2 protein chains.
Amino acid sequence: MKRIPLAVLAVAGVSTAFAAATAALEKPGHGEASPIYGVTLPEGYRQWELVAPAQEAAPLDELRAVLGNAMAIRAYRAGTLPFPDGTVLVKLAWKHVPSPEFGPAAIPGAATTVQVMVKDSRKYATTGGWGFGRFIDGKPADEAQHRTCFSCHQARVKNHDFVFTRFAP
Amino acid sequence: MKRIPLAVLAVAGVSTAFAAATAALEKPGHGEASPIYGVTLPEGYRQWELVAPAQEAAPLDELRAVLGNAMAIRAYRAGTLPFPDGTVLVKLAWKHVPSPEFGPAAIPGAATTVQVMVKDSRKYATTGGWGFGRFIDGKPADEAQHRTCFSCHQARVKNHDFVFTRFAP
């Protein structure tokens, strides 16, 4: 019978843990990087755990959902602030459209933007430790749009490590 | 050096897969079961993948998010209808409150209900294969409320296997 030495399993486990811990910081996501910050769409983000939904009124008129990687969710559940390096948050947004089947409800229409925040306190030291990426159809928005990210977060949610979204129980 | 026989790992793997496949059908969730259907809150549902957010207008005035177990998500991604036995959908709902930090946004307030749909085509043959559970603070709502579930789903979304929510890309 073939056997796998425990030491090999242990080393593989350590490597995997190390890879997971550094992936969000080091590993490029897919597609083009955002201007200023060099943030890419992280792999597999659509499978991440829900932090909270939200709605944005006109003129954007959107339904939104913020998802977080494992490090983000652990920090939220533990109430850890500031968020640790490696935290990644992704906000998905869709047009807010009336449900054709149930009058009082509004549901997601076409996808609009995907917005990413990556915590790396050294790389992004001048913007609260956060790098930002705003993507439309998988392509980063222009530099002018990225210039507005941090100033708004800084003005409004500095006391929550520059993150708007709270965990919805 | 201690070694783990591969056969042991393989058997453990099969057991785990079997347990996972049958869990949604057989394993009770936690807490009290819903009237009529005997549906409980499934273990770990808050970690499940997002199907879609939604908003419900007054008088309920809620933000919502539907999460699905692995079988549900696979069916959604593959476009499988009807949903296979073992599919579980959970809708979380919160009061829709204005963000104190960003004018145009509404965010989740207090949690209101958690609503569960469980697919078991034999057990729930008379209600389209679905069992329903509606929970408030972890306790099932009364029988009268559960009498309304299927009739509404049947009247409005029979052509989508009695499920309102579509997968938000």
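Student: Hey, could you run me through the nonpolar core in this one?
Tutor: The nonpolar side chains of a soluble globular protein tend to be buried, and buried together. By size, the foremost hydrophobic cluster in this structure holds 68 residues, and its most contacted members are Leu 89 of chain A together with Leu 89 of chain B. In this view, Leu 89 of chain A contacts Val 51, Val 66, Leu 67, Gly 68, Ala 72, Tyr 76, Gln 115, Val 116, Met 117, Trp 130 and Val 163 of chain A; residues no more than four positions away in its chain are not counted.

Student: Looking at this model, I keep getting lost on the pairing of strand 6 (residues 130–136) of chain B. Mind explaining?
Tutor: Put simply, side chains in a regular strand alternate between the two faces of the sheet. Residue and element names in this part refer to chain B. For strand 6, the tally of buried residues reaches 6 of 7 residues, placing the bulk of the element in the interior. Bridge analysis of strand 6 against strand 7 (residues 139–140) gives 2 bridges, and the strand direction is antiparallel. The partner of Phe 135 across the bridge, within strand 7, is Pro 140.

Student: Where do I start with the confidence of the model for chain A in this structure?
Tutor: Note: predicted coordinates in regions of low pLDDT should not be interpreted at a detailed level. Residue and element names in this part refer to chain A. Taken as a whole, chain A shows an average pLDDT of 88; of its residues, 83% reach a score of 70 or greater. Here residues 1–26 is modelled with pLDDT under 50, and outside its nearest four sequence neighbours on either side it reaches 31 contacts, counting other chains as well. Overall fold confidence for the complex sits at a pTM of 0.84, while the interface term, ipTM, reaches 0.84.

Student: Would you take a moment to explain the pattern of salt bridges for this structure?
Tutor: Where side chains of opposite charge bring their charged atoms close, a pairing between them can arise. All names here are of chain B. All told, the structure shown has 12 salt bridges over all chains when counted by the stated rule. Arg 64 is paired through a salt bridge with Glu 56; the nearest N and O atoms lie 3.3 Å apart. Residue class for Arg 64 comes out buried when judged on its relative accessible area of 8%. Given the relative accessible area of 7%, Glu 56 is considered buried.

Student: It is not clear to me how helix 2 (residues 70–78) of chain A should be interpreted in this structure. Could you clarify?
Tutor: Spacing of three or four residues puts side chains on the same side of an α-helix, whose turn is 3.6 residues. Along helix 2 of chain A, the positions that sit buried rather than exposed are Met 71, Ala 72, Ile 73, Ala 75 and Tyr 76 of chain A. At the exit of helix 2 of chain A stands Gly 79 of chain A, carrying a positive phi of roughly 70°.

Student: Is there a simple way to think about the relation of the copies chain B and chain A in this case?
Tutor: The relation between the two copies of this chain is a rotation about an axis and a shift parallel to it. For the match of chain B to chain A, the screw axis carries a shift of 0.0 Å, the RMSD comes to 0.0 Å, and the turn is 180°. The two molecules are tied by a two-fold rotation axis, judged by turn and shift. In this assembly the copies share their binding face: 100% of the residues contributing to the interface of chain B also contribute to that of chain A.

About the criteria used
- Residues numbered from 1 in each chain as written.
- Chains lettered and ligands numbered in written order.
- Predicted model: local features only at pLDDT ≥ 70, side-chain atom pairs only at ≥ 80, totals over all residues.
- Heavy atoms only, no water.
- Core = buried A, V, L, I, M, F, W, Y, C linked by side-chain atoms within 4.5 Å.
- Buried < 20%, exposed > 50% of the residue type's maximum accessible area, 1.4 Å probe, protein only.
- Contact = heavy atoms within 4.5 Å.
- Helix = DSSP H or I, 4+ residues; strand = E, 2+ residues; numbered from the N terminus.
- Pairing = 2+ DSSP bridges.
- pLDDT = per-residue confidence, 0-100.
- Salt bridge = Lys/Arg side-chain N within 4 Å of Asp/Glu carboxyl O.
- Least-squares fit on C-alpha atoms with pLDDT ≥ 70 in both.

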